[in-house]
Structures are given as C-alpha cells and as structure tokens.
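Notes for the structure review
Here is how the chains run, residue by residue.
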Amino acid sequence: MLSFQVLPQGTSIPLDHAHVGRTHSGQQRRAASGPRVTYTLVLGKEIKMQLEAVTGSCLCGSVKFEIKPPFSGFRYCHCRRCQKATGSSHASNVFVPQGQIAWLAGEALISRFDLPGAKRFSVWFCSRCGSRVPHKIRERDDYLVPAGLLDNDPVIRPENSIFWGSKAPWYVEPREIPKFTEYT
Ligand SMILES: [Zn+2]
Ligand SMILES: [Zn+2]
C-alpha cells in the first residue's frame, strides 16, 4: 500500500528516504546517506525534486568533499594530458563554481602538480592513495571535479567530448564491445 507523508515546502531529506511510489519495507534506512534533495509541492499535484548537494571522495576515503548544483558543465576530455593524468582513454570532468564546493575531510592531504609550461593544467591528488581530487582551475573561478570521485548521481550528464582529435588510437565506443557485470 502506498502512503504519503506531507512535508513542509522546502523540506530537505536524504534521497534514500525518498523513493516516490515505493512502499516502506519497515527497515531502518541509514540516515544522511545519499544526496540531499528538496521537494516542492506545486499546485498540490506535482512533486519537484531539486538536488541540493553531491558528495565525493578519493579511493582511500581520506579526502571528502561536497559540490552543489547548478554545475557549469560536464565533459569528457580526450587530450593527451588527461590521458596521462588519468591513465585512461579520457577524463570525465564536472565543472563547478568555486563557491559551490566544500571540503569535508582530508584537505591537508592534498598534493598538487602544476604541469610546467601549461597555462592551466593541474593535478591535485590525495597523497595517501594517489586518487585525483577536485582542483581549482588556475586563472578561473571554477573547480574541475573528476566525476569518478562522486558518490552520488550528479544528475547532470556529459554534454560533449573535447580534444576528440587526440583520442587514444585504442579507444572504441563502449557500445561496440560486449559488456559483463564482473571480470570475465
Ligand atoms: Zn585518498
Ligand atoms: Zn584534457
């Protein structure tokens, strides 16, 4: 049976508690996990969900941060620098204005490498596990957030691939190759 609870407009609750159209199992869910969302009731009919914040962390979990929408963009970058820095075919970068990012833990562990001769290219990384972490883009007010660090769905999706001309010769579109849920 479906039941509704009327919340005051603007109420903020963790997304884990917000399965619209799903009955409760009776089990206690972990509080404060998942992204925070705000619900707005429009004309008593429509429920609008607005994402409040997305959290992220490095591989070892020492560095934690939070970013708040609206985000400035989301791009795959196939430049040679991003290939080197990620060890992969491309970087997946979310951009966020600097007033919308906050460090939650481990800021003192962050090391920084500014590529000599580059105008903007930098890598900030966790000195404990080596994961890239968000960095402020030099000469700009935006932060670059490696999307793989995000622990919740940022809702925004990549809008384009840049530096396509320098993509790795071995890169193939994911839809062209078989997929498995684990190691084969
Ligand atoms: Zn780490
Ligand atoms: Zn790049």
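Residues numbered from 1 in each chain as written. Chains lettered and ligands numbered in written order. Predicted model: local features only at pLDDT ≥ 70, side-chain atom pairs only at ≥ 80, totals over all residues.

Omega for the peptide link from Pro-69 to Pro-70 comes to 5 degrees, which places this bond in the cis form. Of note, Pro-70 is situated in the loop between strand E4 (64-67) and strand E5 (73-77). Here the phi dihedral of Glu-139 falls at roughly 65 degrees; this positive angle occurs in a residue that is not glycine. Of the residues examined, Glu-139 has 7 C-beta atoms within 10 Å and is grouped as exposed. One non-glycine residue, Val-155, adopts positive backbone phi at about 70 degrees. Counting through the fold element by element, Val-155 comes out in the loop between strand E12 (142-146) and strand E13 (160-162). Look at Val-155 and you get partly exposed, because 14 C-beta atoms sit within 10 Å. (Helix = DSSP H or I, 4+ residues; strand = E, 2+ residues; numbered from the N terminus. Buried ≥ 20, exposed ≤ 12 C-beta atoms within 10 Å, placed from the backbone.)

With that out of the way, let us pick up the sheet that holds E12. Ordered by their spatial adjacency, five strands build an open sheet running E11-E12-E6-E5-E13, and the pairing between neighbours is mixed. Only two strands of the sheet have a single partner each, and these edge strands are strand E11 (135-136) and E13. Both E5 and E13 contribute to a ladder of three bridges, which runs parallel. Within E13, the position partnered with Cys-77 by the bridge is Ile-162. (Pairing = 2+ DSSP bridges.)

So, to be careful, I would describe these as geometric facts and stop short of saying anything about function.
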